[in-house]
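Results of the structural survey
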Amino acid sequence: MWVCSKLWRVRTAARQWRGLLPASGCHGPAAASYSASAEPARVRALVYGHHGDPAKVVELKNLELAAVGGSDVRVKMLAAPINPSDINMIQGNYGLLPELPAVGGNEGVAQVVAVGSSVTGLKPGDWVIPANAGLGTWRTEAVFSEEALIQVPSDIPLQSAATLGVNPCTAYRMLMDFEQLQPGDSVIQNASNSGVGQAVIQIAAALGLRTINVVRDRPDIQKLSDRLKSLGAEHVITEEELRRPEMKNFFKDMPQPRLALNCVGGKSSTELLRQLARGGTMVTYGGMAKQPVIASVSLLIFKDLKLRGFWLSQWKKDHSPDQFKELILTLCDLIRRGQLTAPACSQVPLQDYQSALEASMKPFMSSKQILTM
C-alpha cells in the first residue's frame, strides 16, 4: 500500500529496534538494560537514521543482539521482501512511522532459534512471520517478544511464507469484506501485476469470481498478459483499452463488476468507477500515481457508487490476533492446494541491498525483490 490518508507517527522503538545495539557500543540506560549479555552476538541489519531516498539513507550495519528474556524469541531471518510500503516508510510517506534509527522491512519469514522460559507457543525450528508492521525484518537475526510473531507452517514454499503477511491478506480481505460476491460475479482492478493484484487474481479464481485486470501498456504486454492469465486472470487489458468507447460492449458476455480495487488513483481510478455496476464499491488501498481519486457527481448520484478505503494495519487494529491468525491459516490452505503462489521474485543476498532497492523502485518491475540472509 503506497499511501494512507492519515499519518500516524507510532512510537514503536520497542518493536522496531528492540533487541539491537550499535556494534560500536551504547551508553546510558539503554546500555544498562542489556548488560546481562556478556558476549552479545553480532548481526547485520539494514538501518536508516533519517527519512529520504532509500538508496541513499539505508546502510548495512553490524549490530549486537540482546539477550533473550523470559517472554522473548530469538529468530534467524530467512527471507524478507521489499514492498512499496517499506519504501514509503523509509521516505517518511506512510501511515505508520517508527522511531529512528530503524531497521527496514515489514514482512518476511524467520526460523525460531531459541525461546525464553515463559514462551509457550513457539519452539526452536518453528517458522514465524511478523504479527504487525514496523518490526524491522531486513536483518540476519533478532530478538522479539512472542506476541510480535505468528507461527506459519514450514511445509509451504519459502517465498510464499516470506510474502504471506501483507499482500495476500490485503487481497483476501478486500474480496470478502466490501461486497457479498457470489461465484460468477466479476471484479475489476488496476495495478494487476502488483503483489496484491496477483493475489487478487488467484484468490478470486479460487472463489469462482471472474476478474478484469488492468495494467499499464509496456513492450512485453503479451508476456505479462499470458503470465497473469496463467494465474487465473480471465481478462487482461491496458489502461488505454479501458478508456475506449468499445468497453461498453465488453460486458455483453459477463456481468458488470460490483467491486473495483484501486491501487493507482487519478484517471485510472476514474475509469474503474465508470465500469462498476449500479450500487457497486471501489476500494482504494494505494495511490501509485500520487493523484487524487476523482469521482463524477453523476456516478455517485445515478449509480449510487460507494468509495471505500482499506489498510491492513487498521484491519488488524480492529480485529483480534486470533482473527489474523485465522486469516493466515486460510491463505496457507490455498497455498497448499496450489491455488495461491508467491509473486514472481528475485532473491538478492542482503549485502546486495543497494541493487535490490533500486530495482524495486523501477517502473514496470515485474519481479519482487526478496532479501535472503
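Structure: above.
Definitions and limits used
Residues numbered from 1 in each chain as written. Predicted model: local features only at pLDDT ≥ 70, side-chain atom pairs only at ≥ 80, totals over all residues. Heavy atoms only, no water. Axes fitted to C-alpha atoms, helices over the stretch in contact; angles between N-to-C directions. Helix = DSSP H or I, 4+ residues; strand = E, 2+ residues; numbered from the N terminus. Parallel < 35°, antiparallel > 145°, perpendicular 65-115°, else oblique. Left-handed = near helix turned anticlockwise from the far one by under 90°. Contact = heavy atoms within 4.5 Å. Nonpolar A, V, L, I, M, F, W, Y, C, P; charged D, E, K, R; others polar. Buried < 20%, exposed > 50% of the residue type's maximum accessible area, 1.4 Å probe, protein only. Patch = residues over 30% accessible without salt bridge, like charges linked within 9 Å, V, L, I, M, F, W, Y side chains within 5 Å. Areas by Shrake-Rupley, 256 points an atom, 1.4 Å probe, with all protein chains shown as cover. Salt bridge = Lys/Arg side-chain N within 4 Å of Asp/Glu carboxyl O. Polar contact = N/O pair within 3.5 Å; in protein donor to acceptor, adjacent residues only side chain to side chain. Pairing = 2+ DSSP bridges. 1 Å grid on protein atoms, 1.4 Å probe; cavity = no way out; pocket = protein on both sides within 12 Å on 5 of 7 lines; lining within 4 Å. Points joined across faces, edges and corners; volume = space filled by probe spheres on them.

**Let's talk about the packing of helix α6 (residues 167–177) against helix α7 (residues 195–206)**
α7 packs onto α6 with a crossing angle of 50° between their chain directions and a minimal axis gap of 8 Å. Relative to α7, the element α6 is oriented oblique. Seen from above, α6 lies across α7 with right-handed handedness. Of the residues in α7, those touching α6 at Asn167, Pro168, Thr170, Ala171, Tyr172, Met174 and Leu175 are Gly195, Val196, Ala199, Val200, Ile203 and Ala204. When grouped by side-chain class, the residues that make up the contact of α6 with α7 number ten nonpolar, three polar and no charged.

**What about the environment of alanine 148?**
Its location among the elements puts alanine 148 in the loop between β8 (141–145) and β9 (149–152). The exposure class assigned to alanine 148 is buried, which follows from its relative accessible area of 10%. With 19 residues separating them along the chain, alanine 148 and isoleucine 129 place their C-alpha atoms 8.6 Å apart. If sequence neighbours within four positions are ignored, alanine 148 has contacts with Ile129, Pro130, Ala131 and Leu135.

**Points about unusual backbone geometry**
Here the bond from leucine 100 into proline 101 is cis, since omega is 0°, no more than 30 degrees from zero. Its location among the elements puts proline 101 in the loop between α4 (84–91) and β5 (102–103). A positive phi angle, near 50°, is found at alanine 191, a position not held by glycine. Tracing the sequence through the fold places alanine 191 in the loop between β10 (186–189) and α7.

**Comments concerning a nonpolar patch on the surface**
Nonpolar side chains collect at one region of the surface, where Val293, Val297, Leu300, Ile301, Phe302 and Leu307 lie side by side and expose about 570 Å² of accessible area between them. Per element, the largest residue contribution to the nonpolar patch is four residues, and it comes from helix α11 (residues 297–302). Looking at the secondary structure, you find leucine 300 in helix α11. Residue classification places leucine 300 among the partly exposed residues on the basis of a relative accessible area of 36%.

**Examining the side chain of glutamate 271**
When you line up the elements, glutamate 271 lands in helix α10 (residues 266–275). Judged by its relative accessible area of 10%, glutamate 271 falls in the buried class. A polar side-chain atom of glutamate 271 sits 2.6 Å from a polar atom in the side chain of arginine 274. The residues contacting glutamate 271, other than those within four sequence positions of it, are Leu242 and Arg243.

**Focus: α4**
Counting buried residues in α4 gives six out of eight residues, a clear majority hidden from the surface. The complete set of buried residues in α4 reads Ser85, Asp86, Ile87, Asn88, Met89 and Ile90. Buried-residue contacts for α4 involve β2 (42–48), α3 (54–57), β3 (58–65), β4 (72–81) and α14 (353–360). Glycine 92 lies just past α4 and shows a positive phi near 85°.

**Quick word on the pattern of salt bridges**
As enumerated under the stated definition, the model contains twelve salt bridges in all. With a closest N to O distance of 3.0 Å, aspartate 126 and lysine 123 form a salt bridge. In this structure, arginine 173 and aspartate 177 form a salt bridge, with 2.8 Å as the shortest nitrogen-oxygen distance. Linking arginine 173 with aspartate 177, this pair stays in helix α6, spanning four residues, or about one helical turn. Arginine 173 sits in the buried class, given a relative accessible area of 14%. Residues participating in the shared-partner salt-bridge network are Glu179, Asp185, Arg258 and Lys306.

**Here's the deal with the side chain of glutamate 141**
Mapped onto the elements of the fold, glutamate 141 is located in strand β8. A distance of 2.9 Å separates the side chain of glutamate 141 from the side chain of arginine 74, its partner in a polar contact. In contact with glutamate 141, not counting residues within four places along its chain, are Val43, Leu65, Arg74, Val75, Lys76 and Met77.

**Description of the sheet that holds strand β14 (residues 281–284)**
A sheet is described by the order of its strands in space; here six strands give the open sequence β12-β11-β10-β13-β14-β15, paired in parallel fashion. The open sheet has two free edges, formed respectively by β12 (235–238) and β15 (306–309), since each of these has just one partner strand. Across the sheet, the mean angle separating the axes of adjacent strands is 20° when strand polarity is ignored. In this structure, strand β11 (residues 210–215) lies alongside β12, joined through four bridges in parallel fashion. Looking at the pairing, valine 215 lines up with threonine 238 of β12. Those strands touched by α6 are β10, β13 (259–262) and β14, and its axis lies near 150° from that of β13. Strands β10, β11 and β13 of the sheet are contacted by α7, whose axis makes an angle of about 175° with β10.

**A closer look at empty space enclosed by the protein**
Left-over empty space is what a probe sized like a water molecule reveals as it rolls over the atoms. Per the stated rule, a full pass over the model turns up four cavities of 30 Å³ or more. Of the pockets and cavities examined, the largest cavity occupies roughly 180 Å³. Considering the residues around the largest cavity, the lining is formed by 19 residues, among which Asn106, Ala133, Gly165, Val166 and Lys316 are closest to the centre. Sorting the residues of the lining of the largest cavity by element identifies β7 (127–130), α5 (158–162) and α12 (312–318) as the ones contributing at least two each. Here the element with the most residues in the lining of the largest cavity is α12; it accounts for three residues.

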